[in-house]
Amino acid sequence: MHFQEWLQSLRSSGGVRGPENKDFWSLVPSLPLSSSFSSLSLSLSSLLGIGALASITAYWLVTRPRPMRPPCDLNAQSIPVQGEPNWRRSALLKDDVLLEFYYDDTRTVYDMFQRGLKVAGDGPCLGFRKPGEPYQWISYTEVAEQAQVLGSGLLGKGCQSNPEQLVGIFAQNRPEWIISELACYTFSMAVVPLYDTLGEEAMVHILNMAEISLVICDKEEKAESLLGNKEKGVTPTLSCLVLFNACSDVTITVFAASILFLILLSFICVCLLQPPQPQDLAVVCFTSGTTGTMCFYRSLCESSSTPTTLHDVSISYLPLAHMFERMIQVVSMLCHGARVGFYQGDISLLMDDIKTLKPTFFPVVPRLLNRIYDKVSSMTSPLRRAVLHYAVRRKQAELSSGVVRNNSLWDRLVFNRIQANLGGNLRFILTASAPISPTVLSFLRATLGCMIFEGYGQTECTAGCTFSMPGDWSAGHVGAPLPCAMVKLIDIPDMNYYAKNGEGEICIRGHSVFRGYLKDEEKTTEALDSYGWLHSGDVGQWLPNGTLRIIDRKKHIFKLSQGEYIAPEKIENFYMRCVPVLQVFVHGDSLQSHLIGIVVPDPEVFIDWVKERGIVGSYEELCQNPDVKKEVLEDMTAVGKEAGLKSFEQVKDLHLHPEMFSVSNGLLTPTLKTRRVDILRVFQEQITNMYSTTAI
């Protein structure tokens, strides 16, 4: 089946084939209608019993769950290119020509939104809510009008209608973020997302490198931070701020001499539309804080081929500064006339927002899925735990045969409450940004009763380059190459990975790959070779069915004193399977022969887990208890051993820390990746103490 045809069938069917009710009565045996039953050798009660049994059997035959029809042979999900087994492309393609645009009339993000506008019209587009209230919706028509008005106003304040005009957006996820982005795209301007945790030095660096003259921001405090740098003279190009909300007269009075203040949507002029071309620059992402990844409209349009329909609803809470979230909401959802509801801005209220919104599509990162898994699997009652595990095994048996559903007996009896906590309407989930444990993935596929896909990619390849195949519900891989990209593995001799063994550094080439870093030729050359291959820094392995498994990381490796190389992120992913562990940071020193760790226990399960071992206390007290540390270390060691970690890859000591690593405390990036340098700096005292007291 051709890729587009299959994807259309997936959209229309919701991914799972339903019962063919029209065939039901054809399977029910006809009962005699004559008033005389003298010719029957069976009694009336026997006859009725047989009829009932036949009817039940026929009903089961018609309504029994059917496996999803995969779009290709699941044993050959990718095809070697030019006869090279380590250079592969999607089996969904007819030949080696990569998919460039899914729809012929959608070649830019502006085109995609216009397509969604045609599909949905006055239908709901962007949703928001106040505490304790239902979602309110802005229609597609209103969003289009507001984007045109705002874009016209930007032109009126000196912005140029061309891709060299870079406009900063400094805000949390909310409808105005998307409207501001679409305003820029409507008039061919490019967007530079900014975010809180960049820090003052990085913010100044970005504003100057991108020569940003205008920034759109949501809060007065953010405006004041930008104004402070302007007053110091360190951001000379910045001349105008556009605020989502009105700011105080004091702020305007203090800084009026140095900068122009405007309120979003206060503009009244409307200019003629000047939409962009596919080859134009669309966005510059500074997710690392120093290098700006340049993404063009052509590459952004590669990932619109998701099974999204007009009736789908998504929750937006992952940072829009991250390409993953933007591709989901702006490209995948809005292109098909679907709805995007925004969380209230407080992550602690996310579950309440989800219950209220009832999304059908839930983009997540593994950290969140790990927390859901820990909470569901931490039942203290032995009977309830036994029933849960039995129900999971029964659902996993269905998954192994390709059946995904949420209407089984086990869903009604065991999993209904779990599914209701996520709104009860989930159709599919997409997890990306980091590896996820196969145990967690299989467990949640069973309990949540929806399709859970795993993807892999980077900002440099416009978020995604591989995607797990619908119908393949196995775990432990990130799927096959998307139709827009080719993937190959190359040797890493220093780490003993060789392409001839089906292992090596992951390299990506295709229309979705970026063209370079903004004003940084040196780093561009490091990332892109002369043949257009993006060198990811991740280590992959081709599996026999043509899917890709992430097994290591080329970067963030170090050598212990005995000469052994360590990839800490691989070890951390194994330790995350431990029940009491919420977050973990593994560290090693070239002058030391062993590893140590910083562990944040999961507050939702930690106290009960420790209590089962005869130790009681508050969360903070338990983190200071040496006996608790010993128990956690033993559990981590057991999990590591089961995962195949060598002795030198196991941590020999750890520090229990009661506060989560987060974006707000500077220990996670906006893409929820660990800031290793910052964690090392914050915990330097504890690390030094552990190395000085641990005897190996």
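In this text the structure is predicted, and so the values were computed from the model without any measurement. (Residues numbered from 1 in each chain as written. Predicted model: local features only at pLDDT ≥ 70, side-chain atom pairs only at ≥ 80, totals over all residues. Heavy atoms only, no water.)

Draft legend 1. Representation of the overall build of the protein within the structure. If you tally the helices and strands in the protein, you get 23 helices and 28 strands. Within the span of the protein, comprising 696 residues, buried residues form 55% of the whole. Of the contacts made within the protein by residues no fewer than 6 positions apart, 68% connect residues no fewer than 24 positions apart. (Helix = DSSP H or I, 4+ residues; strand = E, 2+ residues; numbered from the N terminus. Buried < 20%, exposed > 50% of the residue type's maximum accessible area, 1.4 Å probe, protein only. Contact = heavy atoms within 4.5 Å.)

Draft legend 2. Quick peek at the nonpolar core. Core analysis: the biggest nonpolar cluster contains 122 residues, and Leu126, Leu154, Ile315, Tyr317 and Phe362 have the highest contact counts within it. Beyond its immediate stretch of four places on either side in the chain, Tyr317 contacts Asn173, Glu325, Tyr343, Ile347, Leu350, Phe362, Pro363, Val364, Val365 and Leu368. Formed by 43 residues, the second largest nonpolar core is a distinct cluster that contains Phe558, Leu645, Leu654 and Tyr691. (Core = buried A, V, L, I, M, F, W, Y, C linked by side-chain atoms within 4.5 Å.)

Draft legend 3. Representation of the sheet that holds strand S26 (residues 581–588). Strand order in the open sheet formed by 3 strands is S26-S27-S28, and the pairing between neighbours is mixed. The strands lining the two open edges of the sheet, one partner per strand, are S26 and strand S28 (651–656). Mean inter-strand twist for the sheet, computed between neighbouring axes without regard to direction, equals 25°. Relative to strand S27 (residues 595–601), S26 runs antiparallel, the two sharing 7 bridges. Its bridge partner being in S27, Val584 is matched across the sheet by Val599. Each of S26, S27 and S28 touches helix H21 (residues 626–642); the most contacted strand, S28, lies at about 135° to it. (Pairing = 2+ DSSP bridges. Axes fitted to C-alpha atoms, helices over the stretch in contact; angles between N-to-C directions.)

Draft legend 4. Structural view of the pairing of strand S20 (residues 503–510). In terms of residue burial, S20 counts as a mostly covered element, since 6 of its 8 residues are buried. Note that strand S19 (residues 485–490) and S20 share 6 bridges and pair antiparallel. Pairing of Ile490 across the sheet is with Glu505, part of S20. Across 5 bridges, the pairing between S20 and strand S22 (residues 534–542) is antiparallel. Across the sheet, Glu503 pairs through a bridge with Gln541, a residue of S22.

Draft legend 5. Main features of the packing of aromatic side chains. Evaluated as defined, the whole model comprises 13 aromatic pairs. Note on Tyr317 and Phe362: the rings are 5.8 Å apart at their centroids and 40° apart in plane angle, and the pair reads as tilted. You can see Tyr317 sitting in the loop between strand S12 (313–316) and helix H11 (323–333) and its partner Phe362 sitting in strand S14 (residues 361–364), a full 45 residues away along the chain. Taken together, the ring pairs connect Phe361, Phe428, Phe453, Phe467 and Trp473 into an aromatic cluster. For Lys222, the ring lying beneath its charged end belongs to Phe170, and the centroid distance is 5.1 Å. One cation-aromatic arrangement involves Arg613 over Trp609; the distance from NZ or CZ to the ring centre is 3.7 Å. (Phe/Tyr/Trp six-rings, centres within 6.5 Å; stacked < 30°, edge-to-face > 60°. Lys NZ or Arg CZ within 6 Å of the ring centre and 35° of its normal.)

Draft legend 6. The arrangement of the state of the cysteines in detail. With the rule as written, the count across this model stands at 0 disulfides. Of the cysteine sulfurs around Cys285, a residue in no disulfide, the closest is that of Cys295, at 5.5 Å. Look at Cys285 and you get buried, because its relative accessible area is 0%. (Disulfide = S-S within 2.5 Å.)

Draft legend 7. Geometry of unusual backbone geometry. Of note in the backbone geometry, Gln82 takes a positive phi value of approximately 55° without being a glycine. Residue placement: Gln82 occurs in the loop between strand S1 (78–81) and strand S2 (84–90). Its relative accessible area of 61% is what places Gln82 among the exposed residues.

Draft legend 8. Quick look at the sheet that holds S1. Taken in spatial order, the 6 strands of this open sheet run S1-S2-S19-S20-S22-S23, and their pairing is antiparallel. Where the open sheet ends on each side, the last strands, each with one partner, are S1 and strand S23 (548–553). Pairs of neighbouring strands in the sheet enclose a mean axial angle of 45°, with direction left out of account. Bridge count for S1 against S2 is 4 bridges, and the pairing is antiparallel. The partner of Val81 across the bridge, within S2, is Glu84.

Draft legend 9. Highlighting the environment of Arg107. If you trace the backbone, Arg107 turns up in the loop between S2 and helix H4 (109–120). Residue classification places Arg107 among the partly exposed residues on the basis of a relative accessible area of 33%. Once the C-alpha coordinates of Arg107 and Tyr297 are considered, the two residues, 190 residues apart in sequence, prove to be 7.1 Å apart. Setting aside residues no more than four positions away along its own chain, Arg107 makes contact with Phe101, Pro278, Tyr297, Arg298 and Cys301. In terms of polar contacts, Arg107 uses its side chain to reach the backbone carbonyl oxygen of Asp104, at 3.1 Å. (Polar contact = N/O pair within 3.5 Å; in protein donor to acceptor, adjacent residues only side chain to side chain.)

Draft legend 10. Quick peek at the pairing of S12. Of the two faces of S12, both are covered, the one formed by Val313 and Ile315 as well as the one formed by Ser314 and Ser316. Pairing analysis gives 4 bridges linking S12 to strand S13 (residues 339–342), with the strands arranged parallel. Looking across to S13, one finds that Ser316 is bridged to Phe342. You can see the chain leave S12, run along H11 and come back into S13, and the turn it takes is right-handed. (Right-handed = clockwise from strand over helix to strand, strands pointing away.)

Draft legend 11. Structural view of the side chain of Thr459. Assignment of secondary structure puts Thr459 in the loop between strand S16 (451–456) and strand S17 (466–467). Once you skip the residues sitting within four places of it in the chain, Thr459 turns out to touch Cys285, Thr287, Thr293, Cys295, His322 and Met323.

Draft legend 12. Inspection of the packing of helix H14 (residues 382–400) against helix H16 (residues 438–448) at higher detail. H16 packs onto H14 with a crossing angle of 95° between their chain directions and a minimal axis gap of 8 Å. One element, H14, and the other, H16, form an angle in the roughly perpendicular class. Contacts between H14 and H16 pair Leu388, Val392, Lys395, Gln396 and Leu399 from the former with Ser442, Phe443, Arg445, Ala446 and Thr447 from the latter. Within the contact of H14 with H16, the residues separate by chemical class into 5 nonpolar, 3 polar and 2 charged. (Parallel < 35°, antiparallel > 145°, perpendicular 65-115°, else oblique. Nonpolar A, V, L, I, M, F, W, Y, C, P; charged D, E, K, R; others polar.)

Draft legend 13. Focus on the environment of Arg405. Locating Arg405 in the fold gives a position in the loop between H14 and helix H15 (409–420). In sequence terms Arg405 and Thr447 are 42 residues apart; their C-alpha atoms lie 9.9 Å from each other. Look past the residues within four positions of Arg405 in its chain and what remains in contact with it is Pro65, Lys395, Glu398, Asp411 and Gly449. Of the polar contacts made by the side chain of Arg405, one reaches the side chain of Glu398; its length is 2.6 Å.

Draft legend 14. Seen up close, the pattern of salt bridges. Tallied over the full model, the rule gives 19 salt bridges. Among the salt bridges present, the one from Lys629 reaches Asp653, with a minimum N-O distance of 3.2 Å. Highlighted residues: Lys629 in helix H21 and Asp653 in strand S28, separated in sequence by 24 residues. Take Lys629: its relative accessible area is 28%, and that puts it in the partly exposed class. A cluster of three or more residues bridged by salt bridges with shared partners is formed by Arg385, Glu612, Arg613 and Glu631. (Salt bridge = Lys/Arg side-chain N within 4 Å of Asp/Glu carboxyl O.)

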